[in-house]
Amino acid sequence: MLQGFAGASEEMGMKNVKLPFIYGAQYYRAPTPSREHWSEDLRTMADQGFNQVKFWAQWRWMNPAPGEFVFDDLDELMDLAREAGLGVTINVIFDVAPVWLFAKHPGARMIMADGRVVEARPIMCRQIGGYPGPCYRHPDALELRREFMRRVVAQYRGHAALDMWDVWNEPEYSAIWREPKEETLLCYCDACRRGFLAWLKFKYGELARLNAVWGKPYRDWDEVELPRDRRIFPEMIDWRLFHQETLAGEARWRVEETKALDPRHAVYLHPVPNTHSALNGITGVDDFQLAEGCDCFGGTTNGGAFSTLAAVGAAKGRLCYNVESHLRYGDTSAYPAQLSLRDFARAFVPQLGLGLRGFLHWQYRAETLGAESPAWGLLEYDGSQGSAFEGAAAFWKRLKPFADRLLQAPPEPAEALILRSSANEIFNWCKEGALTHLSRSCNGYIEYLYRRNVRVGLLDVEDFRRNGMPGGVRLLVLTQMEALDRRLAERLREWVAQGGVLFAETRTGAYDTETGRYGGVPLPGVGMAEAFGIRERGATAVSHLAFAQAEGSSADQGGADDVSKARRAFGGKSGNVVEALTPQGEKIWGWGAYGEIEGDDAVPLAACQGRPPCCIAKKAGAGEIVYAGLRMLFPDFGRGEPWRDNAVLEHCLSRSGARTSEKMGVQPVAGVRVDRLDAGDGVAWAASSFLREKCRVKLPGGEPLWAVFDEKEVSSGVALEAGQAEIYVPLRWRQK
C-alpha cells in the first residue's frame, strides 16, 4: 500500500490493489495505428521497460448500430498487451457519438447561445466523427452512454492485462468552441433549461430570492430566461456554475458505475488542468469537482508549475499521474521537435517534485490521419526510432530502478496557497470577455513562489468552506479575487486571527456573489474592510493616472465598445504600468488597477512618488493582512525573471514563515527549484534550474548521492547546467 498518500487504494474502496508508478504511451485510437504494427510495437515498448499502454474504447467505433457492439480490435490488442507483459488502461470515449444516435434522438443535439444546433462532425483529433456528441443532460442519450459503458466494462474487467479505467478524456463541452464566447456557449437545449430551473429552485428556494439577486421581476419560474450576455453578472455566474455541475454529474456516474461493475481495478478520469486558459470554468471544467470519487487522478499535464499544481491539488492526496504528455506536439505544417533525454528530464522532473508519479506519452506512433500528422509520436513519421524515442526510453531506463521508492514519497504539504474560485473565474470572464489576465496573474504568483522554493499549492474555495484551511498553511494569496461572499470573508478573517498571513490585491470582494451587487460597500468588500480596519481609497484604472507608464503589458487596454469610444473621445492614456517604491527605495511594479490604502496602525510597504501608500501591512489578531492597491505579478512585463525579489511578497514570506529552500537546509540559489522526496528509507531531491548559466546547489545531509540522469556519483554539493533538471537519490538505493 502507498504510504503518505491519502488516496491509498483501500481508502478508495479497492481491496489489495497497489497502484503502480506508470510509464508508457497512448497507443490505439481507432483506426490508427494499423494492425500490421501492433505486435511489434507492443513488444518494443515492453523491451524498453515500459509498464503501461493506453487503448481507446470509442463509442462510435464499437457501437455501429443500436444494440450492436464490436470489440474485435480491442480484444486482439488486449491479448497482445498481455503477451508482452504490459498493463493496460482503457480510456472510454463518448464524444464520438454513433452515426445512428441523432437520427433516433434528434433532440439530443447541443444548442449554442445564438441558437445554432451543433451537428456532430469529425474534427482533427476525432477523425472518426460524431464530435462533440449529445448533450450531457439528454435522458435518452445518457441511457445509451450507460449501456456502452456497461458493455465495455463487462467485456474487459476480467482480462489479465487490464490495470485501470480512464472514464473521461479531457472533460469539456467542446474543443471546437473551447475559447469562451457568448455566442458559442453550450448548452441551451430543452433538457438544459429544465435542469437549470431545478438547479435554481434548489439554490434559491423562492422565486423572490432569485429576483432579488438577479434584479428581475419574474412572476413564475417558467418566465426565467437562459442567460446569454456575460455583462449581466449574477445570472451568467449561476448559468456557468450549473454547467460545471452538469459535467461533474457526468463524471460521477461514469466513475461510480465503472467501480460498481469492476471493483478490482482503479478508476479515474483526466482533465486538461484548469489554469484559466485552454480549459476553464466557463466551458464547464472544475478539476476539483471532477476528481471526486476517483481512485487516483490524472491530467494532460504540460507546461509549468500551475498545470501540475492544479492536477495535484484536485487529486486531494490521491496518487496523481500525467497520463497525456504532449512533448512531441505538432501538425502537418510544423513537424515535432527532436527531443533528447535532457528534454524529457526538464519536463518531468518538476512534475515529480510536485507529486506526479507516472507518465504516459501522447502517443507511441506518429499520427497519420489529418492535420495532426505526422506529429505526436515517440517514433518518427516513418516509424523509425529517432532521438525522441531514445530520449524517452533512456529517461525511464534510468528512473525505473528508483520508481518504487519514489512512489512512496508523497508531495510535500503546501505552506503557501493561491485561492481559486469558480465563481470568481466566471466573474472575471464576465467583466473582461477573456481569462488572460486572471490566468497570467495566478501563474505569476505561482511561478514566483515556486521558483523561490516555497511549498506552494492551490486552495479551492469550496474545500475551504467545508474543511477549513489545511494544516501548516501560513500564507494565502488572493489575486484578482473580486467575487467573494461574506461567509467566506469571515472564514478568512478567522484564519488570519489565528496566525495566518493573507495577501490580497486591489478590489478584493468588490462583487458580492450572495447579493449579486458590485460596490456599494468600502473596499475591500464583503465586510473585509471593517474586519481588518483598512480602506481602499480612490480606486481607479491605471490608464487614468497621470503618473502611469506606457511600458510593459497591454492588459486592460481593451474593454467594451462604449468604453473604448469614450477613451478615444476624452484622450484616455495608453499607460498601464505604475512604479511604486518601498520605504527602502525598492521598486514594485503594478498594472491595470490602482488604489491607495489607509488603516490605523497600518505599516506602509509601498507608495507611488508623492502619493499615500498603495500597499500596507496590518496586524489582525495573531496574523497579518497585506493589502495591495495594485496588481503586481504579471509575467510578461519583460522586467526580468519572475523569481527575482519582490519586496512586498518577501515581506509576506518573512512574516508567514513559509518554508523556502533555506529552511530545508538547501543552499539557496534564486531560479533553482528543489523538491524533497522523502521515501521513508531515504530522501531524494528533484532539482530544476531555470537559469541561463551553470550553478551549484548545496543539498543537506552529506550522504553520497546518485545523479539519476547524469549517471554519476555526486556529493551534497551538486552542479547544474543551464536549464538542467535532475533527480538525486541516495547512493545506497542504487547499491541495494
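Residues numbered from 1 in each chain as written. Predicted model: local features only at pLDDT ≥ 70, side-chain atom pairs only at ≥ 80, totals over all residues. Heavy atoms only, no water.

**Concerning the overall build of the protein chain**
Scanning the protein chain from terminus to terminus reveals 20 helices and 31 strands. Summarising its shape, the C-alpha atoms of the protein chain cover approximately 75 × 75 × 50 Å along the three principal directions. Evaluated residue by residue, the protein chain yields a buried proportion of 61% over its 736 residues. Restricting the contact set of the protein chain to residue pairs at least 6 apart, pairs at least 24 apart contribute 74%. Summed over all atoms, the accessible surface of the protein chain reaches about 27,300 Å², with 48% contributed by carbon and sulfur. Across the protein chain, 88 positive and 96 negative side-chain charges occur, with their mean positions spaced 2 Å apart. (Helix = DSSP H or I, 4+ residues; strand = E, 2+ residues; numbered from the N terminus. Buried < 20%, exposed > 50% of the residue type's maximum accessible area, 1.4 Å probe, protein only. Contact = heavy atoms within 4.5 Å. Areas by Shrake-Rupley, 256 points an atom, 1.4 Å probe, with all protein chains shown as cover. Lys, Arg positive; Asp, Glu negative; His and termini not counted. Charge placed at Lys NZ, Arg CZ, Asp CG, Glu CD.)

**Considerations on the packing of aromatic side chains**
This structure, assessed with the given rule, holds 36 aromatic pairs. Members of the aromatic cluster, connected to one another through ring pairs, are Phe21, Tyr23, Phe50, Phe344, Phe348, Phe359, Phe395, Trp396 and Phe709. Sitting over the ring of Trp56, Arg29 keeps its end group 5.6 Å from the ring centre. The residue whose ring lies beneath Arg734 is Trp706, and the NZ or CZ to ring-centre distance is 3.8 Å. (Phe/Tyr/Trp six-rings, centres within 6.5 Å; stacked < 30°, edge-to-face > 60°. Lys NZ or Arg CZ within 6 Å of the ring centre and 35° of its normal.)

**As for helix α7 (residues 207-214)**
Where α7 is concerned, the buried positions are Leu207, Leu210, Asn211, Val213 and Trp214. Count one or two residues on from α7 and you reach Gly215, which has phi positive near 70°.

**Structural notes on the nonpolar core**
Ranked by size, the top nonpolar core spans 194 residues in total, and within it Tyr27, Phe55, Ile90, Trp165 and Phe503 carry the most contacts. Ranked by the residues each element gives to this core, the list is headed by helix α12 (residues 387-407), at eleven residues. In this structure, Val473, Leu478, Met528 and Ile616 belong to the second largest nonpolar core, which totals 28 residues. (Core = buried A, V, L, I, M, F, W, Y, C linked by side-chain atoms within 4.5 Å.)

**Topic: the side chain of Gln724**
Inspection of the secondary structure puts Gln724 in the loop between β30 (717-720) and β31 (725-730). A distance of 3.1 Å separates polar atoms of two side chains, one belonging to Gln724 and the other to Asp710. Contact partners of Gln724, with chain neighbours within four places excluded, come to Arg342, Ala687, Ser688, Ser689, Asp710 and Ala719. (Polar contact = N/O pair within 3.5 Å; in protein donor to acceptor, adjacent residues only side chain to side chain.)

**Remarks on the pairing of strand β25 (residues 672-678)**
In terms of burial, β25 is a largely internal element, five of the seven residues being buried. Bridge analysis of β25 against strand β26 (residues 683-689) gives seven bridges, and the strand direction is antiparallel. Looking across to β26, one finds that Arg673 is bridged to Ser688. What sits between β25 and β26 in their antiparallel hairpin is a turn of four residues, with Gly680 showing a positive phi close to 95°. (Pairing = 2+ DSSP bridges.)

**Structural notes on the packing of helix α11 (residues 341-354) against α12**
Two numbers describe how α11 lies on α12: the axes approach to 8 Å, and their chain directions differ by 45°. Overall, the two elements α11 and α12 adopt an arrangement that is oblique. Considering only the axes of α11 and α12, their crossing is right-handed. For the pair α11 and α12, the contacting residues are Leu341, Phe344, Ala345, Phe348 and Leu352 in the first and Ala388, Gly391, Ala392, Ala394, Phe395, Arg398 and Leu399 in the second. Split by residue class, the contact of α11 with α12 holds ten nonpolar, one polar and one charged. (Axes fitted to C-alpha atoms, helices over the stretch in contact; angles between N-to-C directions. Parallel < 35°, antiparallel > 145°, perpendicular 65-115°, else oblique. Left-handed = near helix turned anticlockwise from the far one by under 90°. Nonpolar A, V, L, I, M, F, W, Y, C, P; charged D, E, K, R; others polar.)

**Concerning the sheet that holds strand β14 (residues 483-484)**
Ordered in space as β14-β16-β17, the three strands form an open sheet in which the pairing is mixed. A strand with exactly one partner marks an edge of an open sheet, and here the two such strands are β14 and β17 (517-518). Bridge count for β14 against strand β16 (residues 511-512) is two bridges, and the pairing is parallel. From the neighbouring strand, Ala483 faces β16, where its bridge partner is Tyr511.

**Regarding the state of the cysteines**
Applying the stated criterion across every chain yields a total of zero disulfides. Distance from the sulfur of Cys135, which forms no disulfide, to the nearest cysteine sulfur (Cys192) is 3.5 Å. Since its relative accessible area comes to 1%, Cys135 is described here as buried. (Disulfide = S-S within 2.5 Å.)

**With respect to the sheet that holds strand β3 (residues 87-93)**
Within the open sheet, the eight strands sit side by side as β7-β6-β3-β2-β1-β10-β9-β8. Their pairing is parallel. Single-partner strands in this sheet number two, and they are β7 (266-270) and β8 (297-299). Across this sheet, the average inter-strand angle for adjacent strands is 30°, counted without regard to direction. With three bridges joining them, strand β9 (residues 320-325) and strand β10 (residues 356-361) adopt parallel strand pairing. Residue pairing for β10: Cys320 is matched across the bridge by Leu356. Sheet strands touched by helix α1 (residues 38-47): β1 (22-28) and β2 (52-58). Its angle to β1, the strand with the most contacts, is close to 170°. Relative to β10, α11 is tilted by about 145°, and along the sheet it contacts β9 and β10.

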